[in-house]
Each structure stands twice: as structure tokens, then as C-alpha cells.
Amino acid sequence: MTPEHSTALATPEDEMLHPVLDPGIEEHVERYSDADAAVGDRAYKQVVLCFGLVPVLAIAFVVVYFAVPADFTARLLGVNWHVHSTLLGLTGGLAVLLVGIGAIHWARQLMNDTEIAEERHAASSSDEEKNGFVEKLNAGIADAGVHRRGLLVSSLGGALGILAVPAVVTLADLGPWPTAAVRRETIEKTIWADGVRVVNDNNWLPLKASDLEIGQLVNAEPENLRELHGAAYHNAKAKAALIVVRMDPNSIRIPESRRDWQIGGILAYSKICTHVGCPISLWEQQTHHLLCPCHQSTFDLGNSGVVVFGPAARALPQLPLRMDAQGYLVAQSDFTVPVGPSFFERDSRNDFKDGDQ
Amino acid sequence: MMAKPAATAEQAEVLETHAPAPAGPVKKLGGPAIWFDERIGLAKLGKASLRKVFPDHWSFLLGEIALYSFIVLLLTGLFLTIWFKPSMGEVEYHGSYQLMRGLAMSQAFESTLQISFDVRGGMLVRQIHHWAAILFMAAMTAHMLRVFFTGAFRKPRELNWLIGVGLLSLGMIAGMTGYSLPDDLLSGTGLRFTDGAIRAVPIVGTWVEFFIFDGEFPGDAIIARFYMAHILLLPAILLGLIAAHMALVVYHKHTQFPGPGRTEKNVVGYPLFPVYAAKAGGFFFIVFGVLILMGATMSINQVWLYGPYNPAQVTAGSQPDWYMGWVEGAVRIMPGWESHWGPTTWSWNVFVPFAILMGIFYTALGIWPFVESWLTGDKRPHHILDRPRNAPTRTALGVAGMTFYGLLWAGGGNDILATQFSLSLNSVTWFLRFAVFVGPVIAFLVTKRMCLSLQRADRERVLHGSESGILVRSQIGGYSEPHVPISVDEAFTLTQHRQYTPLEATPTEDEHGVKLKGPGTVSGLRAKLSAWYSGYDVAKPTAAQIAESHHHGDEDTPALPH
Ligand code: HEM
Ligand code: FES
């Protein structure tokens, strides 16, 4: 065997590499607890004390469990303590800890601490074992008759391999397939539509243009969201959530194509970040910037929602607004582009880019 | 100099087997022990393993902490499953937490509140479970660093290293699926991130998203599916991998640090029974006890303060558990790059810091043992650990990796850094965008220098002894500090390691112009990388140099004691 592929544990060459010869295991140094019987006895008492406290704490645990009211809270060190849980943990935790401390103290102070050496054996098999193995392997192969009838193995392999196909196919119903038609009805669509009223996300009251002051931001939802329940409700809300802001029309840029999407500086944007989809919440009135709390992407609501900082790549979709007969804000249509985070099949050629008219 | 006599397992064995009647309280096996011996050969098993030797070092405890916190996770997790309802079905809350009465929420969230407020001990167990998850990941990470920096992953332990990388990545997924279960506002935000990250994967992303979430986000299936993964699939795989990991540790026997009497052919330490069993068993109770005390006194994941999940809300300053922090940081500092090619969107801003980064990270970890042995040409088995300074390039690469990880982790808290230190968020982010590339390079260079200086110091110490700290004034008025000799034990420890000669390129063609290939050949590139990897070591003193320096001994170069 070449040294390159040696499996031996150490070669004579290794020994030559040692400029200082191995002096052998260092002398055993006696501990205090061995040298001085009094120290040893003290350690002994300490270990027994550790173990002896465990039943006391275990009983305390049971008493706490039944005797302390479970909803009792107390204020201490500026924190509201859930007393039942804290006391259970303190008694139980200390009991468990003491078992450990006792055992380790015993091992370190009282058990024989002379280190001993054990021989290692190579992980690999000896040549004899390898040959023996090959022999048995050949005997088995001969018994199986595969060298005369070669198709046995390959057909079995093929048969086993192909079984993966039905197994994988059974997973095809994990979820609906996001074909173009399915996407159009799900991730590329929200429940906003022409005439759907914009309602306040807190009290569900419809928003009136005249209620909004310059600089104000309102979290809003489509009024028809309330008709939905359960998963349908959550799915719809996760896409339709809206931010309505009123800015001074003279201090913002409104491109020609979006002139009639707003009413006197009242604009509506998707609340769902175009990065990975957090609901955006932090509004800086002065700069018209909206900051996403998740990864700090910053969007300029005074400039059609373009990204001014952070990892997001696309402008926040804007919802075209108009006023209905009673003066309430309503949508003109759904969003013109899919809201939320990117996906591969998303056609992102129509998103607003800085400078578009 | 003679090797000191040392008790070896062999001698101990001789005493045990050949003595006519065992001396000790147990005269012979009886009762249930015999019953089992007649069925499963208990005595054979016990004789082979009872006095198995385990070396002792504090850093060997890190893996134990990981193992024990996993056991705590199993125990506390089992308790939680008794009450937890993995359903997104909507209910109205009527439990004993006043502030949420009458609120609509999922059954998952409701049952989490129930465990916290209506099941006695439930709050405690939830908190222990979560702290154990955090400790599990922390201990695994620290354990992996120990293995890396000491070269314990080298032959024959590469497979155990690979298992470890699997455990680390699966542990992360187990934690992630775990904190998604309560369906509170924070876990929902985490799920939203997961959804966005999955759908950003080119070509298959949307399909994977629909298959995992059963359609759109959030849908009503994800909690039940994550629950299956969290309590069955992942723990089963983890358990299997951990069992294999342990079995291999036993088969290979533990590595040991260099020292007198420690050779590649032996393992020096304490016997399993009783010392190691008491220490390791006791340590389990210490880890468990500390986790219980943490669960008692340090609240974590107070879901009732966040409220039920609402896709239109987010808790400000929301942070994932620490082990997701580095991915979070990468996602935060990544510039907003996206390609719109035809009707498709390639979301590099999410795909690169999430899927690609994790892929590269775990792949790099996984292949390292093989890369290193390719660089050094070393195919020997190793049971004596490296002192990190003696593998300077590896150590420097490790510190560079830690720096990269740490900077990304800082990126995960860029908003907190900005507010705590009154910096602008933009400058923190821009700084990190460059620092993640520059920082590791600096860390590499500095670490490598430091390792080489330490090697030089070792060499000096062996040749000239250690400084005595005593100033001596000579007759002519000069001052000097005499050196005292170091012990032969230490001298051996400082010189026993192997130093590599970089591989030399072999000819690419033989004399007939036929291309040479295959094992044994070394390409020019490999030779260059090998020189970069192991060509800078400070040569350790040779036996001749040591003898020489002692021969010309003045006070400065004392002889080794004999
Ligand atoms: C493999 C390692 C595991 C990790 C890293 C892990 C991690 C987590 C985390 C971080 C949570 C959120 C805890 C909270 O804040 O309440 C959690 C919840 C949970 N885990 Fe685990 N876990 C593990 C294993 C297990 C096992 C083995 C079980 C059950 C046999 C289990 C059952 C549960 C249950 C039922 C919950 C939700 C209950 C609740 O939040 O109150 N876990 N897990
Ligand atoms: S989700 Fe908004 S920045 Fe990432």
C-alpha cells in the first residue's frame, strides 16, 4: 500500500516525524479529596446533600402544582410573573439540576480519576477480511445465477427504479397546479373591482375623500372582504390590503397615465410589499416614504410607489381610485399588475418604473 | 528517557478475565442479568463496552449539549402535542386570557393560548421547548466549529461530518416549522417570508409554493402540513441521523488532543463505567435543569402579546429565531436586483440570498473534508486533533466564514443596529453590503498571520524554553531574562504534529506524449492551491536543532529535563 492511501494508524515514518519522543502518559496527580480524607468526606456529604434535596424539591413541585392558583400573577423587578409556571420551573428545574450536579461532583471528586489508555483499531477491515468478503460475495453471485442470465439484474433495477414514478405521481394533488388560468384567478387577482368601496381596516367604515387630511395615511380594505370567511378571507386579505394616503398634489409627481387614478392627492397603494410580501406599515409624512418593517425596503408614495431603498425590486402597485355618487372612495378596477412578491411566471413588463409617464 | 508506566485497558482487562473469582461486591452474574445474558449475550456486550475509554475536554461537551437539548425537545414536544390543535379552522376565543376573549382566531392559536394559560405547567413546557430549540441550534453550531477548527472531520470521520451538516440544516428547518405552528402574528410573518422566498425560485417556485401551501398563501393547510413535518418527519430523520452519528463516534472512538502518551493508536481518558457515565449522565441533568430554569424565568415567544395572525398586520421589529438571522440578514442587505425577461420574473433579490446562499453554505461545509485532503494529499486516518494554529489556512478560512456569518447576522438586525447606535439605516446596510466581502478577507489574513506567529512562538519555546519573568543583572551591568526549560511533556505536545510539504505538479504527459491522468498525478493548479494551503508553516524544530540548542546551552537555552 502506498503511503498516499495508507489505512495504517501510524507508520514508522510518523515516529521519525517526532523530534521529541513520546514521554508516555503524564504521572497521575492526586486530588485533594484523595490526599486528605477530610476533603473527601466533605465532598461525599455534598454529593449526598445534592441528591437528598431532590425529593424535597419534587414534593415542593407537586404542592405548587395543586396549591398555587394557575392564573395568579405577581409583579416583581418590573416584570409580570406567571407565578404558577415560575414556581413549577424553579422547583422542578433545581431538582433536575441537583441530580446532575451531584453526579458530576461524585465523578470529579470521588471516583477514581486515573486516566487509562485503550488501543485503537483501524476503521478498515484487514486484507483477510476483505478477501473473505469478496469470496462470499462471489459465492452469492454464483448462487444467484446472474452471470449467465444478465438481464436478471438490469430488469430488477429498472423495475425498482420505475416504481419511483407512481410514488411521485401520488403527490401531484399536493395543491392546485398553478397553470396560467389558475394563476389568473389566484395570485394575479384581488377582490378589488370597479365600484368596490374602500373601507377603514379598523372600523370597516367607508372612506370619504373629505375625511382625509393632507399627510394622513389610512390602512384600508375592500368592503366586499367582509363577505368572506376562513381561508378565503385570509387569502383575499393577504392580497387586497390597501394603503390610502393624502398628499399635497403640488409636492408629488403624478405621471400623465395615472392622473385620473387619484382624487386631489388621495392615492391608494397595495399594502403588500413587492419584496417577500410583508404588510408595509411605517409612514414618513415629510418625505412621502413608506418603509417595510421586514427588510426595510422603502417606497416613494409621492412618485408612484417606486423603490428608493432596500431589497425590493418593483414599485408598489397603485390602485386606480374614483369617487362614487355619495363622495366615498371606490376602486375603478382591480390592480393593473399582480400584487405582492415576485414569482417566475409574473409578467413584470407593465409595472411602473421611475420616469414612466 | 523511559515511558512512564500507565495503566492500560488491556491490563485492566487481564485482571478482570483471568482472575479466578472476580474480586468485588459482585461475585457472579445472577437473576435478570443471567436471564438477559442467555438471550442477548449481555455479559459479552457489557464486557466490551463498560470500560470503553472516553477522552475528556470541555469542548467535547458541546455535542453533548446538542444531544441533550434534542432529548428535551422530544420530551417537551410530546407534552405539547397532547393539547396542540394543528388546524387553521376559525374559532372564537373563550379561554382565560381576558384580552382576547371574543376574538376570531385559528384553532392552532387558540390551543397555544390554552396550553399557555389553561393547562397547568403548559406555559413552562412551551418555554422550555422553545429555549431547547434555541440551545439545540447554538450547541450544534458551536460543536461544528470545534470539529472544524481541530480537524476532527478528517479521515475516517468524513461521513460523520456529513451527517452533522445534515443535522444542522434539518435542525434549522425543524425550528422554522416549529415557530410557525402557533399561528400568531409573528409566526405568520415568518410564513409570509417563507412563501415569498419559495415562490422567488426561478421556474419551479410557483409550483412549489402551490404544492406546499395547497394553493395561495396563507390558505388553510400549511399549519397541519408543517405539524406533520415538525413532529413526525423531521424528528424521525433527526433521530435516525443522531443515532448514526453516535454509532460512528463509538466505532471510530473519540479523537483526542495531542499530549504525552496520546498517540494515533490509542485513546486516553476515563472509562465509560463509572466515570464517563456519571459525567455525561450528570451533564444531561444539568442541561435539562438549566433549560427548565430558563423556561421558568425567561419568557420567550409571548404569542399572546402578538395576537392571532392577520395578513394585513406585522409586529414592528419582528425577528426570527437566532439561527435564521444570517439568512434574514442576507435577504435584507441584498440589493433589489430583478430581471424581467419576456413575460418572466427572475427575482435575484430573494433567490440569491435565500436558496443560493443556503445551498452554497451547506455544500461548502459538506465538501470541505474532501477538499482539504485533496489540497494536502493526505489520505491517512487521523485521531489526534490539530491545534488550530497548526492548520493556519484552515483556521483562517474558518474565521473568515464566521466573519461572513456574523456580518450577515448583524444584517438581520440592521434596523436595531441603526436605532441603537443612532446611525442611518441606509449607511448600515451599505456598509454591510461591502463588509460581507471585505470583512472575511481581512479576517482570513489576520488569522493566518496570528497562527503563524503562534507557530513561531511554539518553536521558540521548544528551542529556548519559557521566559522566567526574572531579570538578572550580570557582572558587567547588562540585564537579561533567563529562560526556564519547558517540560518534556510540553515539548512533545508542541512538536508532535505533522507538517505538510505542498504537493508538486507531476508531468502531464509521458515520454510518448500520452496524457497522464488518474490517481497519483497532480495538476499544476492543484499544486498551486496546495502551496497556498500548506506552504507557509513555520518549520517545527527538528531533533537535531533541539539537541543543538541544548548543546550550546547557556542560560538562554536550557536543556530539556530528563
Ligand atoms: C427536532 C427538534 C425540534 C425543534 C428545533 C423544535 C422547535 C420548536 C419551536 C421553535 C416551536 C415554537 C415554540 C413556541 O414558541 O411555542 C415549536 C413548537 C412546537 N413543537 Fe417543536 N421542536 C422540535 C421537536 C419537536 C418534537 C419532537 C415535538 C413532538 C413530538 C414537537 C412538538 C411541538 C409542538 C406541538 C409545538 C407547538 C405548540 C406551541 O407552540 O405551544 N417539537 N417547536
Ligand atoms: S417584505 Fe418588505 S422589505 Fe422584505
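Basis of the calculations
Residues numbered from 1 in each chain as written. Chains lettered and ligands numbered in written order. Predicted model: local features only at pLDDT ≥ 70, side-chain atom pairs only at ≥ 80, totals over all residues. Heavy atoms only, no water. Helix = DSSP H or I, 4+ residues; strand = E, 2+ residues; numbered from the N terminus. Buried < 20%, exposed > 50% of the residue type's maximum accessible area, 1.4 Å probe, protein only. Contact = heavy atoms within 4.5 Å. Areas by Shrake-Rupley, 256 points an atom, 1.4 Å probe, with all protein chains shown as cover. Lys, Arg positive; Asp, Glu negative; His and termini not counted. Charge placed at Lys NZ, Arg CZ, Asp CG, Glu CD. Near = heavy atom within 4 Å. Polar contact = N/O pair within 3.5 Å; in protein donor to acceptor, adjacent residues only side chain to side chain. Nonpolar A, V, L, I, M, F, W, Y, C, P; charged D, E, K, R; others polar. Donors = N, O, S within 2.8 Å, 3.2 Å for Na, K, Ca; no water. Tetrahedral: all angles 85-135°; square planar, octahedral: opposite > 155°, others 65-115°. Expected span 1.5 Å × (residues − 1). Bend = angle between axes of the 7 residues up to and from the residue. Pairing = 2+ DSSP bridges. Axes fitted to C-alpha atoms, helices over the stretch in contact; angles between N-to-C directions. Parallel < 35°, antiparallel > 145°, perpendicular 65-115°, else oblique. Left-handed = near helix turned anticlockwise from the far one by under 90°. pLDDT = per-residue confidence, 0-100. Domains from an automatic or database assignment. Buried area = accessible area lost by both parts, 1.4 Å probe. Salt bridge = Lys/Arg side-chain N within 4 Å of Asp/Glu carboxyl O. Disulfide = S-S within 2.5 Å.

Asker: What is the right way to look at the overall build of chain A in this model?
Answerer: Helix and strand counts for chain A come out as 9 helices and 14 strands. Expressed as lengths along the three principal axes of its C-alpha atoms, the size of chain A is roughly 95 × 80 × 50 Å. Looking at chain A as a whole, 45% of its 357 residues are labelled buried. Excluding contacts between residues fewer than 6 apart, the proportion of contacts in chain A whose partners are at least 24 apart in sequence is 59%. If you sum the accessible surface of chain A, you get close to 18,700 Å²; carbon and sulfur atoms cover 60% of it.

Asker: Any chance you could explain the overall build of chain B here in plain terms?
Answerer: Looking only at helices and strands, chain B features 20 helices and 10 strands. Counting only C-alpha atoms and orienting by the principal axes, one finds that chain B spans roughly 90 × 75 × 70 Å. Sequence separation of at least 24 residues holds for 75% of the intrachain contacts in chain B that already meet a minimum separation of 6. Counting only carbon and sulfur atoms, one obtains 68% of the accessible surface of chain B, whose full area is about 26,300 Å². Charge-centre separation for chain B: the mean point of 42 positive side chains lies 6 Å from the mean point of 42 negative side chains.

Asker: Sorry, what's going on with the site of ligand 1 here?
Answerer: Residue and element names in this part refer to chain B. In the vicinity of ligand 1 there are 25 residues, among which Arg126, His129, His130, His230 and Asn301 approach most closely. In the environment of ligand 1, an oxygen atom lies 2.8 Å from a nitrogen or oxygen atom belonging to the side chain of Arg126. Mapped by element, the contributors of at least two residues to the shell around ligand 1 are helix 4 (61–83), helix 6 (122–149), helix 7 (158–180) and helix 10 (222–252). If one sorts the elements of the shell around ligand 1 by residue count, helix 4 sits on top with 7 residues. For the shell around ligand 1, a count of residues per class yields 15 nonpolar, 9 polar and 1 charged.

Asker: When you look at unusual backbone geometry in this model, what are you seeing that I'm missing?
Answerer: Both trends apply: most residues other than glycine have a negative phi, and most peptide bonds are in trans. Following Lys155(B), the chain continues into Pro156(B) via a peptide bond in cis, with omega recorded as 5°. Structurally, Pro156(B) is set in the loop between helix 6 and helix 7. The amide bond that connects Phe217(B) to the next residue, Pro218(B), takes the cis arrangement and shows omega of -10°. Although it is not a glycine, His288(A) sits at a positive phi angle of roughly 65°.

Asker: What exactly am I supposed to notice about the coordination of the iron atom of ligand 1 here?
Answerer: Each donor-metal-donor angle would ideally measure 109.5 degrees in four-coordinate tetrahedral geometry, or 90 or 180 degrees in six-coordinate octahedral geometry. Residue and element names in this part refer to chain B. Protein coordination of the iron atom of ligand 1 is provided by His129 (NE2) and His230 (NE2), with donor distances spanning 2.0 Å. Between the 6 donor atoms coordinating the iron atom of ligand 1, the angles at the centre fall across 88 to 178°, so the site counts as octahedral. Of this pair, His129 sits in helix 6 while His230 sits in helix 10, and the two are 101 residues apart along the sequence. On the accessibility criterion, His129 (17% relative accessible area) is buried.

Asker: Which parts of the structure should I look at to understand helix 11 (residues 272–297) of chain B?
Answerer: Working note: α-helix, 3.6 residues per turn, so residues spaced by three or four point in the same direction. Here helix 11 of chain B contains 26 residues, and its C-alpha end-to-end distance of 35 Å stays within 8% of the 38 Å for a straight helix at 1.5 Å per residue. Taking the largest bend as the criterion, helix 11 of chain B deviates by roughly 25°, centred on Ala278(B).

Asker: When you look at the pairing of strand 6 (residues 242–246) of chain A in this model, what are you seeing that I'm missing?
Answerer: Residues and elements named next belong to chain A. For strand 6, a buried count of 4 out of 5 residues is recorded, marking the element as mostly surrounded by other parts of the structure. Direction of pairing for strand 5 (residues 217–222) relative to strand 6: antiparallel, over a ladder of 4 bridges. When the sheet's bridge partners are listed, Ala220 is paired in strand 6 with Leu242. In this structure, strand 6 lies alongside strand 7 (residues 266–270), joined through 5 bridges in antiparallel fashion. For Ile243, the partnering residue across the bridge sits in strand 7 and is Tyr269.

Asker: In this structure, what is going on with the packing of helix 15 (residues 392–411) of chain B against helix 17 (residues 425–464) of chain B? I would like to understand it.
Answerer: All names here are of chain B. Packing of helix 15 against helix 17 brings their axes to within 8 Å, and their N-to-C directions diverge by 150°. Classified by the angle their axes make, helix 15 and helix 17 are roughly antiparallel. Helix 15 and helix 17 meet at a crossing whose hand is right-handed. For the contact of helix 15 with helix 17, the residue count by class is 17 nonpolar, 7 polar and 1 charged.

Asker: Explain the confidence of the model for chain A here, please?
Answerer: The predicted coordinates of low-pLDDT regions are not to be read in fine detail. Averaged over chain A, the pLDDT score is 93; the fraction of residues at 70 or greater is 96%. Contacts for the low-pLDDT stretch residues 1–12 of chain A, under 50 throughout, to residues beyond four places or in other chains number 25 contacts.

Asker: What exactly am I supposed to notice about the environment of Phe354(B) here?
Answerer: Tracing the sequence through the fold places Phe354(B) in helix 14 (residues 348–376). Spatially, the C-alpha atoms of Phe354(B) and His483(B) are 56 Å apart, while their sequence positions differ by 129 residues.

Asker: What is the right way to look at the domain arrangement of chain B in this model?
Answerer: When the parts of a complex come together, some accessible area is lost, and that lost area is often used as the size of the interface. Residue and element names in this part refer to chain B. Examined at the domain level, chain B breaks down into domain 1 (57–311) and domain 2 (449–551). Between the C-alpha centres of domain 1 and domain 2 the distance comes to 44 Å. Taken residue by residue, the interface counts 5 residues in domain 1 and 5 residues in domain 2. Where domain 1 abuts domain 2, roughly 350 Å² becomes buried across the two surfaces, and 65% of that area is made up of carbon and sulfur atoms. Taken as a group, Pro258, Gly259 and Pro260 account for 83% of the area that domain 1 buries against domain 2, more than any other trio of residues on that side. Viewed at the interface, domain 2 and domain 1 are joined by 0 salt bridges.

Asker: Explain the pattern of salt bridges here, please?
Answerer: Oppositely charged side chains may form a pair once their charged atoms are brought near each other. With the rule as written, the count across this model stands at 27 salt bridges over all chains. With a closest N to O distance of 3.8 Å, Arg259(A) and Glu256(A) form a salt bridge. Exposure remark for Arg259(A): the relative accessible area of 42% places this residue in the partly exposed category. Several salt bridges converge on common partners, so that one network encompasses Arg154(B), Glu372(B), Asp386(B) and Arg394(B).

Asker: I keep staring at the sheet that holds strand 4 (residues 266–271) of chain B and nothing clicks. Help me out?
Answerer: Each strand in a sheet pairs with its neighbour through backbone hydrogen bonds, running either in the same direction (parallel) or in the opposite one (antiparallel). Taken together, 3 strands build an open sheet; the order of strands is 3(A)-4(B)-1(B) and the sheet is antiparallel. Two strands bound the open sheet, and with one partner strand each, they are strand 3 (116–119) of chain A together with strand 1 (53–54) of chain B. Bridging between strand 1 of chain B and strand 4 of chain B involves 2 bridges; their strand directions are antiparallel. Bridge assignment links Phe54(B) to a residue of strand 4 of chain B, and that residue is Tyr270(B). Contacts between helix 11 of chain B and the sheet are confined to strand 1 and strand 4 of chain B, with strand 4 of chain B contributing the most and set at about 75° to the helix.

Asker: Just checking my understanding: could you explain the state of the cysteines for this structure?
Answerer: Working definition of a disulfide: a covalent bond connecting the sulfur atoms of two cysteines. All names here are of chain A. Enumeration according to the criterion identifies 1 disulfide over all chains in this entry. Here Cys278 connects covalently by a disulfide to Cys294, the sulfurs 1.9 Å from one another. The S-S bond linking Cys278 to Cys294 shows a torsion near -80°; that makes this disulfide left-handed. One end of the pair, Cys278, is in the loop between strand 7 and strand 8 (282–284); the other, Cys294, is in the loop between strand 9 (289–291) and strand 10 (298–300), with 16 residues separating them in the sequence. We note that Cys278, like Cys294, is buried.

Asker: Help me understand the sheet that holds strand 8 of chain A in this model?
Answerer: Residues and elements named next belong to chain A. Pairing in this open sheet of 4 strands is antiparallel, and the strands run 8-9-10-11 from one edge to the other. Of all the strands in the sheet, the pair left with one neighbour each is strand 8 and strand 11 (306–309). Taking the axes of each pair of neighbouring strands and ignoring which way they run, one obtains an average angle of 30° across the sheet. Relative to strand 10, strand 9 runs antiparallel, the two being bridged by 3 bridges. In the sheet register, Leu291 faces strand 10, and the bridge partner there is Thr298.

Asker: Mind showing me how you'd approach the interface of chain B and chain A here?
Answerer: Taken together, the contact between chain B and chain A spans 123 residues of the former and 106 residues of the latter. With both chains or domains summed, chain B and chain A bury close to 9,900 Å², and 62% of this area falls on carbon and sulfur atoms. The largest contributions to the chain B side of the interface with chain A come from Arg120(B), Arg199(B) and Glu216(B), which together make up 7% of the buried area. Between chain B and chain A we count 4 salt bridges in total.

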